[in-house]
Protein chains: 4
Amino acid sequence: MSINMFGRIFTVSTWGESHGPAIGVMIDGCPPRIPLDAAMIQHWLDRRRPGQNSFTSQRREADAVEILSGIFEGQTTGTPIQLMIRNIDQRSRDYTSIRDTFRPGHADYTYWKKYGIRDYRGGGRSSARETAARVAAGGVAREVLKSLLPALHIIGYMVQIGPHAIDRQRMDIAQIDTNPFWSPDPDIVETWSDFLRATRKAGDSIGALVEVRATGMPTGLGAPVYGKLDGDLAAAMMSINAVKAVEIGDGLGVVTLKGSENADEMLPAEGGVAFQSNRAGGILGGISSGQDLIVRFAIKPAASILIPRRTINTDNTPNEIITKGRHDPCVGIRAVPVGEAMMACVLADHLLLHRAQTGS
Amino acid sequence: MSINMFGRIFTVSTWGESHGPAIGVMIDGCPPRIPLDAAMIQHWLDRRRPGQNSFTSQRREADAVEILSGIFEGQTTGTPIQLMIRNIDQRSRDYTSIRDTFRPGHADYTYWKKYGIRDYRGGGRSSARETAARVAAGGVAREVLKSLLPALHIIGYMVQIGPHAIDRQRMDIAQIDTNPFWSPDPDIVETWSDFLRATRKAGDSIGALVEVRATGMPTGLGAPVYGKLDGDLAAAMMSINAVKAVEIGDGLGVVTLKGSENADEMLPAEGGVAFQSNRAGGILGGISSGQDLIVRFAIKPAASILIPRRTINTDNTPNEIITKGRHDPCVGIRAVPVGEAMMACVLADHLLLHRAQTGS
Amino acid sequence: MSINMFGRIFTVSTWGESHGPAIGVMIDGCPPRIPLDAAMIQHWLDRRRPGQNSFTSQRREADAVEILSGIFEGQTTGTPIQLMIRNIDQRSRDYTSIRDTFRPGHADYTYWKKYGIRDYRGGGRSSARETAARVAAGGVAREVLKSLLPALHIIGYMVQIGPHAIDRQRMDIAQIDTNPFWSPDPDIVETWSDFLRATRKAGDSIGALVEVRATGMPTGLGAPVYGKLDGDLAAAMMSINAVKAVEIGDGLGVVTLKGSENADEMLPAEGGVAFQSNRAGGILGGISSGQDLIVRFAIKPAASILIPRRTINTDNTPNEIITKGRHDPCVGIRAVPVGEAMMACVLADHLLLHRAQTGS
Amino acid sequence: MSINMFGRIFTVSTWGESHGPAIGVMIDGCPPRIPLDAAMIQHWLDRRRPGQNSFTSQRREADAVEILSGIFEGQTTGTPIQLMIRNIDQRSRDYTSIRDTFRPGHADYTYWKKYGIRDYRGGGRSSARETAARVAAGGVAREVLKSLLPALHIIGYMVQIGPHAIDRQRMDIAQIDTNPFWSPDPDIVETWSDFLRATRKAGDSIGALVEVRATGMPTGLGAPVYGKLDGDLAAAMMSINAVKAVEIGDGLGVVTLKGSENADEMLPAEGGVAFQSNRAGGILGGISSGQDLIVRFAIKPAASILIPRRTINTDNTPNEIITKGRHDPCVGIRAVPVGEAMMACVLADHLLLHRAQTGS
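Small disclaimer: the values here were computed from a predicted structure and weren't measured. (Residues numbered from 1 in each chain as written. Chains lettered and ligands numbered in written order. Predicted model: local features only at pLDDT ≥ 70, side-chain atom pairs only at ≥ 80, totals over all residues. Heavy atoms only, no water.)

### Concerning the interface of chain D and chain C
Line of reasoning, step 1. With 105 residues of chain D at the contact, the number on the chain C side is 105 residues.
Line of reasoning, step 2. Buried area between chain D and chain C, summed over both chains or domains, comes out near 8,500 Å², and the portion from carbon and sulfur atoms is 63%.
Line of reasoning, step 3. Contact with chain C buries surface across chain D, with D:Lys114, D:Tyr226 and D:Lys244 losing the most and accounting together for 10% of the total.
Line of reasoning, step 4. At the junction of chain D with chain C, the criterion picks out four salt bridges.
Line of reasoning, step 5. When the shortest N-O distance is used, the salt bridge between D:Glu265 and C:Arg309 registers 3.6 Å.
Line of reasoning, step 6. Across the contact surface, chain D and chain C share 51 residue pairs in polar contact (both at pLDDT 80 or more).
Line of reasoning, step 7. Element by element, the count of residues in the side of chain D that touches chain C is highest for helix 6 (residues 229–238) of chain D, at seven residues.
Line of reasoning, step 8. Residues that form the side of chain D that touches chain C fall into these classes: 53 nonpolar, 32 polar and 20 charged.
Line of reasoning, step 9. By the bridge criterion, three bridges tie strand 12 (residues 243–248) of chain C to strand 12 (residues 243–248) of chain D in an arrangement that is antiparallel. Across the sheet, C:Ala245 pairs through a bridge with D:Glu247, a residue of strand 12 of chain D. (Contact = heavy atoms within 4.5 Å. Buried area = accessible area lost by both parts, 1.4 Å probe. Salt bridge = Lys/Arg side-chain N within 4 Å of Asp/Glu carboxyl O. Polar contact = N/O pair within 3.5 Å; in protein donor to acceptor, adjacent residues only side chain to side chain. Helix = DSSP H or I, 4+ residues; strand = E, 2+ residues; numbered from the N terminus. Nonpolar A, V, L, I, M, F, W, Y, C, P; charged D, E, K, R; others polar. Pairing = 2+ DSSP bridges.)

Have a look at this one:
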């Protein structure tokens, strides 16, 4: 199992560095005869693209995806799908300032200690740019899900930026696409705008909490014990750059819950069961219950800030560093489409795995 | 990759149901010539064993481990290590009450929907009993780590039960083994005792938050992008029964942090770097930094309670259920050694993976 | 992926040494609700068992299989199936003669060089005894195939012992079970009997060629490029002890064939195609064509013979060795059921993999 | 595990169709700081390239490899290495003649039955063109081996074309590069030339037998039971297009050998053991013995011939087909560098796996 791959049947392998010739992703195990073209994938890349608004990085990549294999006459063939995105906007910046200095909070130091070599230009492999490949893979996964599970719908949104959380009473999925923060609560948009402007002005950055939800879920996805749906989702989300926590359903909230509050009661319903609550987030024993799947992840504030931080050089001498350039006051915003993509990939994989074992 | 296996090189495959003849675990890829006998593994099983005190389940299993393969004259041979624990105390209880009724908050319903069959006796494969196999595997992993990384030390402890969190100012690792809660804060023990007695008396249960920490960490464990150390730890911890959230380092706390607060500053130090804080929990870019590795996970309250809950039967008629029997007011207590074991397994695996790729 | 496991979805992990407490196998990913009990598996173990006739080893193991998990009320549950066979007949032999001496043609030397330790009793992990675990797994795989592909039939037989090959004109599948050699050609039985008696009298052993065939094959099993059905069959057969060559269809015979002879012509037929020959052995481009699947493998003569052979000791001094004890003049005979079992496992796995990707 | 991937640690995933925009390969798990540039890989592609001489296909691809990731300043970084080869010479041929007709001996029929769709242009994914990606991966593997095992040398050569086998008495490794057949026996070159000219003139094709050998082998590569070195080599070679048999050491020859002949005797020698023969082909119990590693594989004659063959159309009507175009009378010639590449990849992977488990 490649260390840059995830999935068991619908497998996703990403590759590429921020400032190399290209980044990309190979999807293997995709069902055949799924309608697919570059535009369907481009749609999701465009959603993710930086430079969309004043709160995300100004790097202006076209992020144009090329399909190199696995598609014939507008359909998947069942063979590996290779997607490539050329790196265009590799500004001829001078990266020598970080060549010999480790940026605190970045992977500079650990890559160096592990490999004894690092592509320091823009973070290399550890750049958030890698997430474009995930979003492209998610685009493929969504088409698979659309064919096999037409009722399924995946949507991600921001639930907290710094100290400012949405009011869940005001949640309205229809609002998500209408503001630059993917906020389902329209009333918080101005608060976040003001807060992020101040954060940027201070040369600082801030953390965020993102939620991704799937509605129209089938029952039965997941498997004991290390094939659990929540285990795979946790790994998928935690593998996104800067993620430091993953919650399913009530998540950390279960710590203070009593058993009598926590277990979601069931009533009979036509065509199945009517759960009376969804603290479990749609997963019991690692297997989907048919309720909405609910996952949250916390993104740390970007380490690239204008406030000087103490660090060391590769020769172990002290230094101070600020990171100039095009950086986001809240990288969590761009993580929303990435979280959606990861959920799509995990669900496509588990759908095929479930079909393998049970035939349904 | 088996759905009941984890790891890439040091692989752990657990098997068995709560009320079948036995449970067990196969460890493959273990380095040869590691000293190992049943007593070394039994040590950790004894720590986990229920019936240790009045706050954990009264099921009295000897949980005696048998080594069936892979050991010769007190040493590992490099071939698969099969460990078996016979199920002794399968009380001739009457499980017919749950044969046709789904316990809310349990995996009864989802197993049934997925497989169309379930071993309803004691939860079958989804029973917490499965975690004994993980603890046994963890015992093997610890011996590997002791041989290859003698400075490494893994310790788990309880940090919160219901609303009552420890005071980190009072944290003292030496206290952990002196109380039935694995508490590092001696002053909270009485609070927790009282609280859990009341919880049990009410026929209810409560959630908990467990932290596992590794000190003496090497740098370089982990790998981009889906071989990240934090991604694997998240999957490992989330796969433990009843876990609903996993945090690394500051975890959810990063949401409200500024970048200027979050990035751990570095100063030169003899023999390496001196980090000025450890919000990252010892992982940067998915690779260990040499700082303490810090993972937390939230355990939901046990669903087996004496308070009646509404549910349905397999024929979709309504019912009410209470779960009698030997059950814990706080299953989180027993999860502490399980979390330690999972971390040991993940670190042993990543140590071998790192050695494979880099030779060091 | 464990180094003692094979398969992608229907995974088989064997464990155990010849003279340890037990050997066994874990099957994971098995479909649920497949009827299964110990007797169904025992049937195949009994076929394989040594001591069946005067031409196979006189070790008298009951080889009684115990099901430890994964079965409930006579059906698979979809969870891991653990099968264990206790080692009973571990004669209190004196193995010290081989403790410090490497038997030529055995794995003694290579295990020692790799691991620096070896369980020398009876070959340890490299003993042919390990194949009992494969046969047990094959028994499970056959039940899966019986449920999902009722028309499929797998049969193995001997086609050559030493210089004496069967006459394919006389091939009669019904004969296979009527003689101790699994010969489909009744006329060669006496020749082989005489030949093997002479071989044993000379204290020597002899090689063999085994063929395994599946009839009633579906089309579409297999996948490009490293998921090829023939690639997986080759690995499966080559992994059996003492196998040195694997052929598909015409196998080595294709070297001298012209293209005009080799390509199997097709004619239309009701319900599909009528291939005019089967040189391909039922596989084109790594995917099954629906024709009979034909695999052959060559087994080297057992290295345990009564004729002294030169070797070295662990201290690199010269020695001579003969191997006394219960050994077969032609281990190839016992490999027939093993080859069948491996084919059953590979087909069960590919059936599930095909179902995963294509839904059929 | 992707179905288009092989390897456990040094993993190789190929992608691409004959007539799509490009083919390529991703190598993951490669050790860092291995010197590598495009020219080193191009060297091996140039050796494989068709159009080299009058006996191989006249398709004239530049086969220029581009490195898209994983290399920085002339060294591997430890991150995924993506190699791409653009398909240039996709002659604007008319493939409609095979769009609706299955070529006998090709994968046309089985891909169609499996996927319900096929990229019929030039064989799509099942084209021998895919092997260029393997050769590129082999180029990377060779650099890894050169760094870690400088004494190791891998060489492939032709040992039989049709009925004409080399005389092993005349074998001279130095001759291999001096003739268009990779023949180590200079005296057979004219025979083969004449034979292949006649074969082409007849519009026919012929099979071949290729041997690949590694000298300077370390002991200890491989692992029980499904991580056997011979098992992985068998899968690797059998996965090459048109291969129908794989032999290790004496291969099929062991069928007629006696045990007294087969087991390679050992004598003490300075610095180790002196094997007195090498019938085992350098592998005992799945683990390398330090002797030369010897693998052979049989390639069937190309199915693309000018002699009409009976077949069916997709609508199950009868047809006759001849395959015009640039095709080889003996595709086995081009398989020689592919076999070398596969051995290099398998050895690089097993070297890392061995290092993981044993540290050496």
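### Here we look at the environment of C:Ala214
All names here are of chain C.
Line of reasoning, step 1. As for its placement among the helices and strands, Ala214 is situated in strand 10 (residues 208–215).
Line of reasoning, step 2. Distance from Ala214 to Gly290, taken between C-alpha atoms, is 9.9 Å for residues 76 residues apart in sequence.
Line of reasoning, step 3. Dropping the residues within four chain positions of it, Ala214 is found in contact with Leu152, His153, Ile154, Asp292, Leu293, Met343 and Leu347.

### A look at the sheet that holds strand 11 (residues 219–222) of chain B
Line of reasoning, step 1. As summarised here, the arrangement of the three strands in space is 11-16-15 (chain B), forming an open sheet in which the pairing is antiparallel. Of all strands in the sheet, those bounded by a partner on one side alone are strand 11 and strand 15 (283–284) of chain B.
Line of reasoning, step 2. Pairing of strand 15 of chain B with strand 16 (residues 287–289) of chain B, which is carried by two bridges, proceeds in the antiparallel orientation. Across the sheet, the residue bridging to B:Leu284 is B:Ile287, located in strand 16 of chain B.
Line of reasoning, step 3. On top of the sheet, helix 3 (residues 108–115) of chain A reaches strand 11, strand 15 and strand 16 of chain B; it is set at about 100° to strand 16 of chain B, its chief contact. (Axes fitted to C-alpha atoms, helices over the stretch in contact; angles between N-to-C directions.)

### Here's the deal with the relation of the copies chain D and chain C
Line of reasoning, step 1. Mapping chain D onto chain C leaves a residual RMSD of 0.0 Å; the transformation is a rotation of 180° accompanied by 0.0 Å of translation along its axis. What the rotation and shift describe, once combined, is the action of a two-fold rotation axis.
Line of reasoning, step 2. When the interface residues of chain D are mapped onto chain C, 100% of them again fall at the interface, so both copies present the same face. (Least-squares fit on C-alpha atoms with pLDDT ≥ 70 in both.)

### What to know about the pattern of salt bridges
Pairing between side chains becomes possible if they bear opposite charge and their charged atoms approach one another.
Residues and elements named next belong to chain A.
Line of reasoning, step 1. This structure, assessed with the given rule, holds 100 salt bridges over all chains.
Line of reasoning, step 2. Close ionic contact of Asp194 with Arg197 constitutes a salt bridge, the shortest N to O distance being 3.4 Å. Separated by three residues within a single helix, Asp194 and Arg197 lie in helix 5 (residues 189–201), roughly one turn from each other.
Line of reasoning, step 3. By relative accessible area, which is 43% here, Asp194 ends up partly exposed.
Line of reasoning, step 4. On the basis of relative accessibility, which here comes to 49%, the residue Arg197 falls in the partly exposed class.
Line of reasoning, step 5. Several salt bridges share partner residues, and in doing so they unite Arg168, Glu211, Arg213, Glu247, Asp292 and Arg296 into one network. (Buried < 20%, exposed > 50% of the residue type's maximum accessible area, 1.4 Å probe, protein only.)

### Considerations on the relation of the copies chain A and chain D
Line of reasoning, step 1. Relative to chain D, chain A is turned by 180° and slid 0.0 Å along the rotation axis, the superposed coordinates differing by an RMSD of 0.0 Å.
Line of reasoning, step 2. The residues that chain A uses at the interface reappear at the interface of chain D in 100% of cases, marking a shared surface.

### Things to note about the environment of D:His153
All names here are of chain D.
Line of reasoning, step 1. Tracing the chain through its elements places His153 in strand 8 (residues 153–161).
Line of reasoning, step 2. Classification of His153 by relative accessible area gives partly exposed; the value is 44%.
Line of reasoning, step 3. Sequence spacing of His153 and Met217 is 64 residues, and the spatial spacing of their C-alpha atoms is 8.1 Å.
Line of reasoning, step 4. Excluding residues that lie within four positions of it along the chain, His153 makes contacts with Arg213, Ala214 and Thr215.

### Considering the state of the cysteines
Residue and element names in this part refer to chain D.
Line of reasoning, step 1. The tally for this structure, following the rule as stated, stands at zero disulfides over all chains.
Line of reasoning, step 2. With no disulfide of its own, Cys30 lies 10 Å from the sulfur of Cys345, the closest cysteine sulfur.
Line of reasoning, step 3. A relative accessible area of 1% places Cys30 in the buried class. (Disulfide = S-S within 2.5 Å.)

### Some points on helix 1 (residues 38–48) of chain C
Residue and element names in this part refer to chain C.
Line of reasoning, step 1. If you check which residues of helix 1 are buried, you get Ile41, Gln42, Trp44, Leu45, Arg47 and Arg48.
Line of reasoning, step 2. Looking at the buried residues of helix 1, the elements they touch are strand 4 (65–69), strand 7 (81–86), helix 4 (130–148) and helix 8 (332–358).
Line of reasoning, step 3. N-capping of helix 1 is provided by Asp37, with a side-chain oxygen placed 3.1 Å from the backbone N of Ala39.

### Comments concerning the packing of helix 1 (residues 38–48) of chain A against helix 4 (residues 130–148) of chain A
Residue and element names in this part refer to chain A.
Line of reasoning, step 1. Helix 4 packs onto helix 1 with a crossing angle of 135° between their chain directions and a minimal axis gap of 8 Å. Classified by the interaxial angle, the pair formed by helix 1 and helix 4 is oblique. Both helix 1 and helix 4 take part in a crossing whose hand is right-handed. For the pair helix 1 and helix 4, contact is made by Met40, Ile41, Trp44, Leu45 and Arg48 and by Thr131, Ala132, Val135, Ala136, Gly139, Val140, Arg142 and Glu143, respectively.
Line of reasoning, step 2. Broken down by class, the residue content of the contact of helix 1 with helix 4 amounts to eight nonpolar, two polar and three charged. (Parallel < 35°, antiparallel > 145°, perpendicular 65-115°, else oblique. Left-handed = near helix turned anticlockwise from the far one by under 90°.)

### Considerations on the interface of chain A and chain D
Line of reasoning, step 1. Contacts between the two partners involve 45 residues from chain A and, on the opposite side, 45 residues from chain D.
Line of reasoning, step 2. Of the roughly 3,400 Å² buried where chain A meets chain D, counting both sides, 62% is carbon and sulfur surface.
Line of reasoning, step 3. We note a salt bridge from D:Arg86 to A:Glu66, for which the minimum N-O separation is 3.6 Å.
Line of reasoning, step 4. The set of elements that each furnish at least two residues to the side of chain A that touches chain D consists of strand 2 (11–16), strand 3 (22–28), strand 4 (65–67), strand 6 (75–76), strand 7 (81–86) and helix 3 of chain A.
Line of reasoning, step 5. The residue makeup of the side of chain A that touches chain D, split by class, is 17 nonpolar, 17 polar and 11 charged.

### Thoughts on the side chain of C:Thr14
Line of reasoning, step 1. Looking at the element boundaries, C:Thr14 is found in strand 2 (residues 11–16).
Line of reasoning, step 2. At 2.7 Å, the side chain of C:Thr14 forms a polar contact with the side chain of C:Arg125.
Line of reasoning, step 3. Side-chain polar atoms of C:Thr14 contact the side chain of C:Glu130, separated by 2.7 Å.
Line of reasoning, step 4. If we ignore the near neighbours within four places in the chain, the residues touching C:Thr14 are B:Met26, B:Pro80, C:Asn4, C:Gly24, C:Val25, C:Arg125, C:Glu130, C:Ala133, C:Arg134 and D:Val225.

### A closer look at the packing of helix 1 of chain A against helix 8 (residues 332–358) of chain A
Packed helix pairs are characterised by how far apart their axes lie and by the angle those axes make with each other.
All names here are of chain A.
Line of reasoning, step 1. The N-to-C vectors of helix 1 and helix 8 enclose an angle of 150°; their axes lie 8 Å apart at closest approach. In terms of orientation, helix 1 and helix 8 fall into the roughly antiparallel class. For the pair helix 1 and helix 8, the contacting residues are Trp44, Arg47 and Arg48 in the first and Arg334, Pro337 and Glu340 in the second.
Line of reasoning, step 2. Classifying every residue of the contact of helix 1 with helix 8 by side-chain character gives two nonpolar, no polar and four charged.

### Quick word on the packing of aromatic side chains
Geometry of an aromatic ring pair is reported as the spacing of the ring centres plus the angle between the planes.
Line of reasoning, step 1. The final tally for this structure, using the stated rule, is 28 aromatic pairs over all chains.
Line of reasoning, step 2. Where C:Tyr109 meets D:Phe275, the ring centres are 5.7 Å apart and the plane angle is 80°; that geometry is what we call edge-to-face. Taken as a pair, C:Tyr109 in helix 3 (residues 108–115) and D:Phe275 in strand 14 (residues 272–275) lie in two separate chains rather than in one.
Line of reasoning, step 3. Note on D:Phe275: relative accessible area 16%, which makes it buried. (Phe/Tyr/Trp six-rings, centres within 6.5 Å; stacked < 30°, edge-to-face > 60°.)

### Considering the pairing of strand 14 (residues 272–275) of chain A
Line of reasoning, step 1. The pairing of strand 13 (residues 266–269) of chain A with strand 14 of chain A spans four bridges and is classified as antiparallel. Counted as the bridge partner of A:Met266 is A:Phe275 from strand 14 of chain A.

### What about unusual backbone geometry?
Line of reasoning, step 1. For the bond from A:Pro224 to A:Val225, the omega torsion is -15°, close enough to zero to count as cis.
Line of reasoning, step 2. The topology assignment puts A:Val225 in the loop between strand 11 (219–222) and helix 6 (229–238).
Line of reasoning, step 3. Of note, C:Glu73 is a non-glycine position whose phi angle comes to about 50°, a positive value.
Line of reasoning, step 4. Relative to the assigned elements, C:Glu73 resides in the loop between strand 5 (71–72) and strand 6 (75–76).

### As for the environment of A:Ile27
Residue and element names in this part refer to chain A.
Line of reasoning, step 1. Relative to the elements of secondary structure, Ile27 occurs in strand 3.
Line of reasoning, step 2. On the basis of relative accessible area, Ile27 is assigned to the buried category, the value being 0%.
Line of reasoning, step 3. Along the primary structure Ile27 and Val140 are separated by 113 residues, whereas in three dimensions their C-alpha atoms are 8.2 Å apart.
Line of reasoning, step 4. Setting aside anything within four residues of it in sequence, one finds Ile27 in contact with Phe10, Thr11, Val12, Thr79, Pro80, Ile81, Leu83, Ala137 and Val140.

Just distances and angles here, no functional claims.
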